[in-house]
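If you want the building blocks of each chain, they are given just below.
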Amino acid sequence: MGETVTDRVRKVMDEASVNQSAFAEGIGLSPDKLSKSLSGVRRFTSLDLARIAEYGNTTVDWLLTGREPLRPAIAARTSAPAVGEHSLDRLKDLVERFTTAHEVLELLDLSPELPELPSVRPDLKRYVDQGVTLAEDALTRLAAAGTPAIGGLDTADLLQALEHTFGVDVAKIGLPDGIDGAAWQADGFRLVMVARTKVPTRQRFTLAHELGHILARDAQDLLTETQLSPGRQKDLTEVRANVFAANLLMPRSEIDAEVREGDLTDEQLTSLVVSFQVSPSALAARLAQLGVIAPGTADRLRGLTTQDCHWLTGQSDLFEARATWSQAKRLPFRPAQLLYEAYLAGDTTLRPLAAYTGMDVDRIREALEPEPAPQEGASSSTDVDEGDLVYQP
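Residues numbered from 1 in each chain as written. Predicted model: local features only at pLDDT ≥ 70, side-chain atom pairs only at ≥ 80, totals over all residues. Heavy atoms only, no water.

**Things to note about the overall build of the protein**
No. 1: A tally of helices and strands in the protein yields 19 helices and five strands.
No. 2: Buried residues in the protein amount to 45% of all 393 residues.
No. 3: Sequence-distant contacts in the protein: of pairs separated by 6 or more residues, those separated by 24 or more amount to 68%.
No. 4: By element, 49% of the accessible surface of the protein is carried by carbon and sulfur atoms, the whole surface being about 20800 Å². (Helix = DSSP H or I, 4+ residues; strand = E, 2+ residues; numbered from the N terminus. Buried < 20%, exposed > 50% of the residue type's maximum accessible area, 1.4 Å probe, protein only. Contact = heavy atoms within 4.5 Å. Areas by Shrake-Rupley, 256 points an atom, 1.4 Å probe, with all protein chains shown as cover.)

**Re the pattern of salt bridges**
No. 1: On inspection of all chains with the given rule, the structure shows 13 salt bridges.
No. 2: Among the ionic pairs, Arg126 bridges to Asp129, the shortest N-O distance being 3.0 Å.
No. 3: Judged by relative accessible area, Asp129 falls into the partly exposed class, the value being 27%.
No. 4: Look at the salt bridges and you will find they share partners, linking Glu3, Arg8 and Lys11 into a network. (Salt bridge = Lys/Arg side-chain N within 4 Å of Asp/Glu carboxyl O.)

**Here we look at the packing of aromatic side chains**
No. 1: In this structure the tally under the stated criterion is four aromatic pairs.
No. 2: Between Trp184 and Phe189, the aromatic rings sit 5.1 Å apart at their centres with planes inclined by 80°, giving edge-to-face as the arrangement. Take Trp184 and Phe189: they sit in the same class, and that class is buried.
No. 3: Residues Tyr340 and Tyr343 carry aromatic rings whose centres are separated by 6.5 Å and whose planes lie at 25° to one another, so their mutual orientation is stacked. Pair noted here: Tyr340 and Tyr343 are both in helix 17 (residues 333-344), with a separation of three residues, about one helical turn.
No. 4: Of the residues examined, Tyr340 reaches a relative accessible area of 28% and is grouped as partly exposed.
No. 5: The cationic tip of Lys172 hangs over the ring face of Trp325; the distance from NZ or CZ to the ring centre is 3.9 Å. (Phe/Tyr/Trp six-rings, centres within 6.5 Å; stacked < 30°, edge-to-face > 60°. Lys NZ or Arg CZ within 6 Å of the ring centre and 35° of its normal.)

**Some thoughts on the pairing of strand 2 (residues 169-173)**
Each regular strand carries side chains that alternate between the two faces of the sheet.
No. 1: Strand 2 sits mainly inside the fold: five of its five residues count as buried.
No. 2: What you see with strand 2 is no split at all: Asp169, Ala171 and Ile173 on one side and Val170 and Lys172 on the other are buried throughout.
No. 3: Pairing geometry for strand 2 and strand 4 (residues 189-195), over five bridges, is parallel. Following the sheet pairing, Val170 is matched in strand 4 by Val192. (Pairing = 2+ DSSP bridges.)

In structure tokens:
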């Protein structure tokens, strides 16, 4: 006979080296209820198991099934020197909170249903062609979901559109030095992480690049990227992801709508950089590939920076706003929302939400359960006399 849930609960209790009464107190159960559960008279509830998992520093999935927690192998694909093992360990620590959150949601039967993804066409042998058609399919899905145009769409709005349309969870966090982004997909979730950076165009391209890996099913193992350099990769899956990103962020239809007959002026080129929110080098490569500009014009455009283009078009404030946003931390909202709803329903503790957000449990509890406001008419030592002016900042 195989190991049961009760057997694994007893293992947690044994490893904690406490007696049954102390263990019951530690997980918020009466000794009588714990005794009945261990003897099979009473079933452990999902809340019981969540508390036991927290107490034993394990997962509810292990208590129920004996399966070790899902953790990724790492496939590093870089155009720079390999990231050190210490940095990869830090990356694994970051991934831990996401996988744990999804495991809890799955066991509570709260995992969101993921939309079907577009896929690489099997009749296309060239990776470049695969990237182009994959981007076209993605743009069609986005338009059907209410996002008809990409150019001019702020990265914050683009990110949310990608989450909604493709069921990806996107995090904007402090990745280890040298890593621009990472992607990982498994049963039940699709995760993209992009590094916080002062270069908003790099972050936007990385976001699209990692989505390309997800749609192409490249990220069965955790895939990390350092110093993405469009056009310089030797790995064909990287070429495909770059082509996908360029076609997604700079759709041919939108470029055709912007470009008039005749040569583009420098003013028009810098305006396109600002509008599409890509680097001058990425725009130069795309326009040259489409035959819109000559090689010499492309070289001249590559000599500018994104900040230069904003300054030349009188939009330096816009660049600062975009750079500020690209440096801010952002966790995927959906897992946090579902974990909070599970807590309100009494299905789990605050521990999974705290682990996911990286916040202390007590701090979250204070934020979610603030002290009640004073009753109307209650006196206070800080009350002001009638007629005094109270200035609110």
